[in-house]
Protein chains: 4
Amino acid sequence: MATIATPHIRSAIILISCPDQKGIITAVTDFVYRHQGNIIDLDEHVDFGSKTFFMRIEWDMEHFSLSDDELRAYFLRYIATPYQMEWTLHFSDQKPIISLFVSQYLHCLYDILSRCDSGEWDVKVPLIFSNHEVGRDIAARFGAEFHLMHITKENKREQEQKQIQLLREHNVELVVLTRYMQILSPEFITEFPNRIINIHHSLLPAFVGARPYHQAFERGVKIIGATSHYVTADLDAGPIIEQDNVKITHKDSIEDMIRKGRDVEKIILARAVRLHMQRKILVHGNKTVVFI
Amino acid sequence: MATIATPHIRSAIILISCPDQKGIITAVTDFVYRHQGNIIDLDEHVDFGSKTFFMRIEWDMEHFSLSDDELRAYFLRYIATPYQMEWTLHFSDQKPIISLFVSQYLHCLYDILSRCDSGEWDVKVPLIFSNHEVGRDIAARFGAEFHLMHITKENKREQEQKQIQLLREHNVELVVLTRYMQILSPEFITEFPNRIINIHHSLLPAFVGARPYHQAFERGVKIIGATSHYVTADLDAGPIIEQDNVKITHKDSIEDMIRKGRDVEKIILARAVRLHMQRKILVHGNKTVVFI
Amino acid sequence: MATIATPHIRSAIILISCPDQKGIITAVTDFVYRHQGNIIDLDEHVDFGSKTFFMRIEWDMEHFSLSDDELRAYFLRYIATPYQMEWTLHFSDQKPIISLFVSQYLHCLYDILSRCDSGEWDVKVPLIFSNHEVGRDIAARFGAEFHLMHITKENKREQEQKQIQLLREHNVELVVLTRYMQILSPEFITEFPNRIINIHHSLLPAFVGARPYHQAFERGVKIIGATSHYVTADLDAGPIIEQDNVKITHKDSIEDMIRKGRDVEKIILARAVRLHMQRKILVHGNKTVVFI
Amino acid sequence: MATIATPHIRSAIILISCPDQKGIITAVTDFVYRHQGNIIDLDEHVDFGSKTFFMRIEWDMEHFSLSDDELRAYFLRYIATPYQMEWTLHFSDQKPIISLFVSQYLHCLYDILSRCDSGEWDVKVPLIFSNHEVGRDIAARFGAEFHLMHITKENKREQEQKQIQLLREHNVELVVLTRYMQILSPEFITEFPNRIINIHHSLLPAFVGARPYHQAFERGVKIIGATSHYVTADLDAGPIIEQDNVKITHKDSIEDMIRKGRDVEKIILARAVRLHMQRKILVHGNKTVVFI
């Protein structure tokens, strides 16, 4: 992903959450500096309520004096452990592998496949799962395996186990629900903590659940929108990543709202997926810190 | 109001709601045409669910061949009655008279008073009611009577009766709640059907009730907003007129949300008040038709 | 197109421009009414500067008492001629045929092909022209003929003649430039008056010509955007159909602007193409009347 | 200003521009850390084209071990000088003093005076200058001295000298042009480098100069807007701080555009003034770095 902006650089990214205290920024930046890293980007945030410190730091690895393994080991020992950090380390040349789950509305699927196919995103999509046949043809045209899996109360556990196994085999790191009209089980969600992104077609928390455009039409709102969020066990209640909206008037029928909403949904889902892949999102409780 | 856009014209405006049937537009436009009226603006809308027809027509009165009284009588007899219309007739040279109700947050009050004072709006504001002392000074500076009325469970009925009497004496046609932190009684609301406009500091129906910015902060939304609506007996559930929003990030504290929200609130309330005064809003059930 | 909103109705649409005078709306609506047409949608606009009247009327043909040919003939004789109208007649069951011209940036191409392929649009795309090889594969996957045509100063006239011939053979009614980096000759444009839509990646009239994001970066603007417009002989100066924007900050590199701009471009181009196909646009001089 | 967000804290803010090199962030944060400062906010940015580093750091002074004078002296000696920094130091308890220049359009004047009067801003406005009489009354009501100064080619130099003297006497640090229809001389501008903020009623660089809404109407754009920027000797070409926009349609007359534009102008000007007073803006060449 980062190759788009800074094509020839291999960079390292560390995401940090830890109890707030003085000196963290100095400690982290000094670590990078002492090993000849040049900082490309640094963002930090303090949640004053919970006294939690968040940070994202990215630096150029070209002249960095540690190997990747040394980096991981030294940072753990000298920085992460003393400051009680939760942290993750990423490198810009890791190609993300994602899987798409879809039902009968395909606009988000087309959009993400197009971004990967055109080279806008440097991302691999090996697997598409659906409970409807309709996406098979487009999956084939974009070179992804298509798995039709009808889900019933009886077979849900078994079907999800098959999905998990395939996702593991293909080293999928992120599951994207591109308008997938099935509720994932808590077991499935636990397999991919903060690694399942959904698009809900309302400005959450308004219009939770089924048929949000119909609900919006009934209420007579003048703004509709879409929300991308991480999936948790609570339906439509996970940490929100991005939201956007479009104005409507009394002239807009439910069909018009669905049509206008589609364009918001696909853009706002793509933005969330990109932010995740660029390691710009930290989850804290039921909220996100997004370093745009 | 309309004088701003078309300074030297005296126009008539008719707002219509009636059961949909063929021929209404022809009947209405022909009525205007036959009496030498030149149509300035025509908007119509059909609600297909309830088969209801809505229309706003405005025409130049300069060469119109009927007097205002004849216009009213003839339109009633030949058009409104046969088509079972609910309708209202307005003239662009009627100066609207409005009253403001406010508590301790004054940004909407300042904004509306400034619009009237500067001549942006050609509107009279004779009366300001408040349950807090803080607005008295600004009311005085803008030449409006300021009535401090503390409201308790015990005196509410009595205080509202005083308010209603003063509003009647001053021929107030529209009550604007510029962040008024009191719930009006159903009796008060019945006095001014579709003639009380409120601003709620959320994108309704999200975050109904008290402290919506605090609720929004807790939920971790990325968009906040404001909603102007007609007041009905159901709290924050009346017909929505306008909504607008502003994006926020994890960096925004509740205080930041309040600050950013203020600017949206005052603009979106002013837009709703202006639309009402320009006779551009029709209420249908719990929705509005707004001919922008 | 209209079938999305009102699936089972065959409707007629008339677009009208004529000198303003009293009685036009009555005449047109009466024509529809007398022949048993039920008006679905009516929009009108008067340009007071040039005293020009614009109208779009759409009605249900189910019980209409005239054949399509009678409709055309009678309207011409009894309405259009007396009122000196320029007018066009359309039916909602005509399937639009469009052609796409593209260079090396493919996001708008993917987007429009996806809309047609998924059934979001009921539109045919038989022909894609390009001066680059890169789009051939995607064209094939979506079932469109791909014509690679290198354009030089010497062969331009000849190449364009081939294009015009192919467009005629396939009854293409609308040419869409989905980021086509070639200037069309005045002769080509004359073949398709108000029937070529371009997307320019700036908020025109800012940043005309080449590399608008680079220009925007140099100037340090905080908003970038895109403009869809009809193509005329003056570069980037034709009638504007739609514009939309996205905010940027000092953190956004030119590459970020290109990335953010892409999403605006594809949405705003699609909206313009859809509005054209729904017969919602009238051109007047160098401006558009868009009945949204 | 900062007291709104963090009411009881006295904080120090340093703004830095310098040649980019490794170790700057570590040096600055370590300086704060070693003297017991707790960092509240840190933002940094690198302009890769010019290899310039920008930083804003704000910390709580409560337990800081240096006096204000020591802070200034030590930072200069140990940090600013070695790293060749341009830098400024501010404290959150300095009450900003601003002056407003206005002509006949008063909406921005009302808006800023209301923000100061209501306590939304903790800012002093001792002086208002105008070349029109119309603002005198509102100035009086808000307790500001009003200076009517007609400007002609002959007296311009003299009048501006009087203005400069008054501004100095009142320790005005920021001049805000709230729709001031006079061009300031280069001499005046030199007195207040990056300390004069103007609002221009277009999305610059579109529609430079006089009557931008008229220009926008002629061109037939679908989006209008406003731009707040620092004033430089080049008309409407100074560093842009904020821009916002509003959509328009063919229905909007020039008067409608002026009306819709007013609301954008006053909000976007207020945002820029607030950002300046919160020390969130750095100027670099003809651009701004705005740490929102």
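**Student:** Describe the overall build of chain A, with residues and values.
**Tutor:** A tally of helices and strands in chain A yields eight helices and 13 strands. Against the globule reference of 19 Å for 292 residues, chain A gives a C-alpha radius of gyration of 21 Å, in line with a compact fold. In terms of overall dimensions, chain A has a C-alpha envelope of 60 × 40 × 40 Å along the principal axes. Here chain A, with 292 residues, has 62% of them falling under the buried criterion. Summarising the internal contacts of chain A: among those between residues at least 6 apart in sequence, 67% fall at separations of at least 24. Put simply, chain A shows about 11,600 Å² of open surface, and 51% of that area lies on carbon and sulfur atoms.

**Student:** Got a sec to walk through the interface of chain B and chain A? Specific residues and values, please.
**Tutor:** Contact with chain B, which involves 32 residues of that partner, is made by 32 residues of chain A. A combined buried area of about 2,600 Å² lies between chain B and chain A, and 53% of that area is made up of carbon and sulfur atoms. Summed over the three residues of chain B that lose the most area to chain A, namely B:Arg219, B:Lys222 and B:His250, the buried surface amounts to 27% of that side. Applying the counting criterion to the chain B and chain A interface returns two salt bridges. Measuring nitrogen to oxygen at the nearest pair gives 3.2 Å for the salt bridge that ties B:Asp244 to A:Lys247. At the junction of chain B and chain A, the tally comes to 20 residue pairs in polar contact (both at pLDDT 80 or more). By residue number, the principal contributor to the side of chain B that touches chain A is strand E11 (residues 240-247) of chain B, which donates seven residues. Considered class by class, the residues forming the side of chain B that touches chain A number 14 nonpolar, eight polar and ten charged.

**Student:** Give me the lowdown on unusual backbone geometry, citing residues and values where you can.
**Tutor:** In this chain, B:Leu204 is followed by B:Pro205 through a cis amide linkage whose omega measures 10°. Structurally, the position occupied by B:Pro205 is in the loop between strand E9 (196-200) and helix H7 (212-219). The phi dihedral of A:Arg279 is positive, around 60°, even though this residue is not glycine. Structurally, A:Arg279 can be placed in the loop between helix H8 (254-277) and strand E12 (281-284).

**Student:** Quick one: what's the story with the sheet that holds strand E3 (residues 52-60) of chain B, residue by residue and with numbers?
**Tutor:** Residues and elements named next belong to chain B. With antiparallel pairing, the four strands of this open sheet are ordered in space as E2-E3-E1-E4. Pairing within the sheet leaves two strands with one partner each, and these edge strands are strand E2 (38-47) and strand E4 (86-91). Neighbour to neighbour, the strand axes of the sheet diverge by 10° on average, direction disregarded. Two elements, E2 and E3, share nine bridges in a ladder whose sense is antiparallel. Bridge pairing links Asp 43 to Arg 56 in E3. With respect to the sheet, helix H2 (residues 68-80) is in contact with strand E1 (11-19), E3 and E4, its orientation differing from that of E4 by roughly 160°.

**Student:** Talk me through the relation of the copies chain B and chain A; I want residue IDs and the actual numbers.
**Tutor:** Each of the two chain copies can be brought onto the other by rotation about an axis and movement along it. Each copy superposes on the other: chain B lies on chain A with an RMSD of 0.0 Å after a rotation of 180° and an axial shift of 0.0 Å. Viewed as a symmetry operation, the transformation between the two copies matches a two-fold axis. Using C-alpha coordinates, one finds that chain B approaches the rotation axis most closely at B:Ala206, a distance of 2.4 Å. Interface overlap between copies is the fraction of interface residues in one copy that are interface residues in the other; for chain B against chain A it reaches 100%, indicating a shared surface.

**Student:** Can you tell me about the packing of aromatic side chains, naming the residues and giving the values?
**Tutor:** The final tally for this structure, using the stated rule, is 38 aromatic pairs over all chains. Considering the side-chain rings of B:Phe101 and B:Phe188, the 5.9 Å spacing of their centres and the 70° angle between planes classify their relative orientation as edge-to-face. One end of the pair, B:Phe101, is in strand E5 (residues 97-102); the other, B:Phe188, is in helix H6 (residues 186-191), with 87 residues separating them in the sequence. For the pair B:Phe101 and B:Phe188, a shared accessibility class is recorded, and that class is buried. Residues B:Phe188 and B:Phe192 carry aromatic rings whose centres are separated by 5.4 Å and whose planes lie at 40° to one another, so their mutual orientation is tilted. B:Phe192 carries the same exposure label as B:Phe188, and that label is buried. The ring of A:Phe217 carries the charged tip of B:Lys287 above its face, separated from the ring centre by 3.5 Å.

**Student:** Tell me about the packing of helix H7 (residues 212-219) of chain A against H8(A), and name the residues and values.
**Tutor:** Residue and element names in this part refer to chain A. Running from amino to carboxyl end, H7 crosses H8 at an angle of 125°, the nearest separation of the two axes being 10 Å. Taken together, the axis directions place H7 and H8 in an arrangement best described as oblique. Here H7 runs over H8; the crossing is right-handed. Of the residues in H8, those touching H7 at Tyr 213, His 214, Ala 216 and Phe 217 are Ile 254, Met 257, Ile 258, Gly 261, Arg 262 and Glu 265.

**Student:** Would you mind going over the domain arrangement of chain A in detail, with residue names and values included?
**Tutor:** Residue and element names in this part refer to chain A. Assigned domains within chain A: domain 1 (11-91) and domain 2 (97-290). Every contact between the two is made by 13 residues of domain 1 and, on the other side, seven residues of domain 2. Of the roughly 780 Å² buried between domain 1 and domain 2, counting both surfaces, carbon and sulfur atoms make up 69%. Interface area lost by domain 1 to domain 2 is led by Leu 15, Phe 54 and Arg 56, which between them contribute 53%. For the interface between domain 1 and domain 2, the tally reads four residue pairs in polar contact (both at pLDDT 80 or more).

**Student:** Which residues make up the pairing of strand E12 (residues 281-284) of chain B, and what values do they have?
**Tutor:** Residues and elements named next belong to chain B. Strand direction decides the pairing type here: E12 and strand E13 (residues 287-290), joined by four bridges, are antiparallel. The residue of E13 that forms the bridge with His 284 is Lys 287. Here E12 hands over to E13 after two residues, with Gly 285 in that stretch at a positive phi of 60°.

**Student:** Please provide a residue-by-residue account of the pattern of salt bridges, values included.
**Tutor:** All chains considered together, the criterion is met by 88 salt bridges over all chains. One salt bridge connects B:Asp93 with B:Arg10, and the closest N-O pair in it is separated by 2.7 Å. In this pair, B:Asp93 sits in the loop between E4 and E5 while B:Arg10 sits in the segment before E1, placing the two residues 83 residues apart along the sequence. Relative accessible area serves as the criterion here: at 29%, B:Arg10 is assigned to the partly exposed category. What you see here is one network of salt bridges that share partners, running through A:Asp111, A:Arg115, A:Glu120, C:Arg262, C:Asp263 and C:Lys266.

**Student:** Would you mind going over the interface of chain B and chain D in detail, with residue names and values included?
**Tutor:** Counting residues at the interface gives 23 residues for chain B and 23 residues for chain D. A buried area of about 2,300 Å², summed over both sides, lies between chain B and chain D, and 44% of it is on carbon and sulfur atoms. Among the residues chain B hides against chain D, the three largest losses belong to B:Tyr110, B:Arg141 and B:Arg259. Together they make up 23% of the total. Counting across the interface, chain B meets chain D through ten salt bridges. Between D:Glu120 and B:Arg262 there is a salt bridge whose closest N-O contact spans 3.3 Å.

**Student:** Hey, could you go over helix H2 (residues 68-80) of chain A for me, with residue numbers and the actual values?
**Tutor:** All names here are of chain A. Taking 1.5 Å as the rise per residue, H2 with 13 residues should run 18 Å; its terminal C-alpha atoms sit only 16 Å apart, a clear shortfall. Within H2, burial applies to Leu 71, Phe 75, Ile 79 and Ala 80. Those residues of H2 that are buried are in contact with strand E1 (11-19), helix H1 (24-34), strand E3 (52-60) and strand E4 (86-91).

**Student:** So what about the packing of H1(A) against helix H1 (residues 24-34) of chain D? Which residues, and what values?
**Tutor:** The geometry of H1(A) relative to H1(D) is characterised by a closest axis approach of 9 Å and an angle of 150° between their N-to-C directions. When the axis of H1(A) is compared with that of H1(D), the two are roughly antiparallel. Viewed along their axes, H1(A) and H1(D) form a crossing whose handedness is left-handed. Every residue of H1(D) that contacts H1(A) at A:Ile25, A:Thr26, A:Thr29, A:Asp30 and A:Tyr33 is listed here: D:Ile25, D:Thr26, D:Thr29, D:Asp30 and D:Tyr33.

What counts and what doesn't
Residues numbered from 1 in each chain as written. Chains lettered and ligands numbered in written order. Predicted model: local features only at pLDDT ≥ 70, side-chain atom pairs only at ≥ 80, totals over all residues. Heavy atoms only, no water. Helix = DSSP H or I, 4+ residues; strand = E, 2+ residues; numbered from the N terminus. Rg over C-alpha atoms; globule rule 2.2 N^0.38 Å. Buried < 20%, exposed > 50% of the residue type's maximum accessible area, 1.4 Å probe, protein only. Contact = heavy atoms within 4.5 Å. Areas by Shrake-Rupley, 256 points an atom, 1.4 Å probe, with all protein chains shown as cover. Buried area = accessible area lost by both parts, 1.4 Å probe. Salt bridge = Lys/Arg side-chain N within 4 Å of Asp/Glu carboxyl O. Polar contact = N/O pair within 3.5 Å; in protein donor to acceptor, adjacent residues only side chain to side chain. Nonpolar A, V, L, I, M, F, W, Y, C, P; charged D, E, K, R; others polar. Pairing = 2+ DSSP bridges. Axes fitted to C-alpha atoms, helices over the stretch in contact; angles between N-to-C directions. Least-squares fit on C-alpha atoms with pLDDT ≥ 70 in both. Phe/Tyr/Trp six-rings, centres within 6.5 Å; stacked < 30°, edge-to-face > 60°. Lys NZ or Arg CZ within 6 Å of the ring centre and 35° of its normal. Parallel < 35°, antiparallel > 145°, perpendicular 65-115°, else oblique. Left-handed = near helix turned anticlockwise from the far one by under 90°. Domains from an automatic or database assignment. Expected span 1.5 Å × (residues − 1).

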